[in-house]
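Breakdown of the fold
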Amino acid sequence: MTELRIDQLESPVGTITLVAHGETLCALDFFGPAGTREFDPAGMRERLATRFETPRFTEADDPARLTSRLRAYFAGRLDALDDIAVDPGGTPFQQQVWKALCDIPCGQTRSYRDVAEAIGNPNATRAVGTANSRNPIGIVIPCHRVVNADNKLGGYAGGLDNKRWLLTHEGALLA
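Residues numbered from 1 in each chain as written. Predicted model: local features only at pLDDT ≥ 70, side-chain atom pairs only at ≥ 80, totals over all residues. Heavy atoms only, no water.

Some points on the sheet that holds strand E3 (residues 24-31)
The cut-off we apply is this: In this description, strands pair whenever DSSP reports at least two bridges between them. The helix and strand labels rest on DSSP assignments: H or I over at least four residues marks a helix, E over at least two residues marks a strand, and numbering proceeds from the N terminus. Between N-to-C directions, angles cover 0 to 180 degrees, with each direction set by a line fitted to C-alpha atoms, over the stretch in contact for helices. Two residues form a contact once any of their heavy atoms are found within 4.5 Å.
Judged by pairing direction, the sheet is mixed, and its four strands sit side by side in the order E3-E2-E1-E4 without closing on themselves. Each edge of the open sheet carries a strand with a single partner, namely E3 and strand E4 (55-59). When the angles between neighbouring strand axes are averaged without regard to direction, this sheet yields 25°. Bridging between strand E2 (residues 14-21) and E3 involves seven bridges; their strand directions are antiparallel. When the bridges of E3 are listed, Val 19 appears paired with Ala 27. Contacts from helix H1 (residues 41-49) reach strand E1 (2-11), E2, E3 and E4, with the element oriented near 155° to E3.

Notes on the packing of aromatic side chains
Using the following cut-off: Two aromatic rings from Phe, Tyr or Trp, using only the six-membered ring of Trp, form a pair when their centres are within 6.5 Å; if the ring planes differ by under 30 degrees the pair is stacked, by over 60 it is edge-to-face, and anything between is tilted. Relative accessibility under 20% of the residue-type maximum defines a buried residue, over 50% an exposed one, and the middle range a partly exposed one, all with a 1.4 Å probe and only protein chains included.
Under the definition given, this model contains three aromatic pairs. The interplanar angle of 75° and the centroid separation of 5.1 Å between the aromatic rings of Tyr 73 and Phe 74 together place this pair among those described as edge-to-face. Taking relative accessible area as the criterion, Tyr 73 reaches 1% and is therefore assigned buried. Given the relative accessible area of 12%, Phe 74 is considered buried. Note on Phe 74 and Trp 165: the rings are 5.9 Å apart at their centroids and 45° apart in plane angle, and the pair reads as tilted. Taken together, the residues Phe 74 in helix H2 (residues 66-74) and Trp 165 in helix H6 (residues 160-169) connect sequence positions 91 residues apart. A network of ring pairs unites the aromatic residues Tyr 73, Phe 74 and Trp 165 as a single cluster.

Section: the pattern of salt bridges
Selection criterion: Salt bridge, as used here: a side-chain nitrogen of Lys or Arg that lies within 4 Å of a carboxyl oxygen of Asp or Glu.
Overall, the coordinates contain eight salt bridges when judged by the stated rule. Between Asp 79 and Arg 77 there is a salt bridge whose closest N-O contact spans 3.1 Å. Judged by its relative accessible area of 44%, Asp 79 falls in the partly exposed class.

Topic: the nonpolar core
Heads up, the rule is: Side-chain atoms within 4.5 Å are what join buried Ala, Val, Leu, Ile, Met, Phe, Trp, Tyr and Cys residues into a set we call a nonpolar core.
Leu 28, Leu 70, Leu 101 and Ile 139 are the most contacted members of the largest nonpolar core, which has 36 residues in total. Not counting residues up to four positions away in its chain, the partners in contact with Leu 70 are Leu 9, Ile 16, Leu 18, Leu 28, Leu 81 and Val 140.

Brief notes about the side chain of Thr 17
Stated formally: Distance and chemistry together define a polar contact, namely a pair of N or O atoms within 3.5 Å, with one atom able to donate a hydrogen and the other to accept it when in protein, and with adjacent residues in sequence counting only for side-chain atoms on both sides.
Within the secondary structure layout, Thr 17 lies in strand E2. One polar contact links Thr 17 to Gln 8, side chain to side chain, over a distance of 2.7 Å.

Below you can see the structure in the form of structure tokens.
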């Protein structure tokens, strides 16, 4: 049985649900504010059940100090998320894309093509977009830092207002 510890916090981008396996963040999603997606705890648990053998979900207060680090990030300490250990699962290609996302410095953006080139596959722009959309650890694996080639925000599973807020918070967009 695999113990997965769950915590939630309120943030400027909505309610964040995070899941830790030991000291490693294995899922993070956010829901709200009004007008954006609603929380689907069954869906999150289902996705994690495909990755972990016989998972047991328990509520925890600040597992691996992850909740504290997210609060620090939202309070303005932008480096608070930098060295969080993550285990997003995924295919080898997705893992390669998600690793490249982590190499995008806070306060900067990259295009989908830039990410495709960074992983050595410049023709994989659409596949990079698909991998980006399936990122199971939003914010910490910073898929919000990827924009269209024309620097427009493009899509974002957490909602464009939240993407705009995150990029403004990090100094990548002017308020």
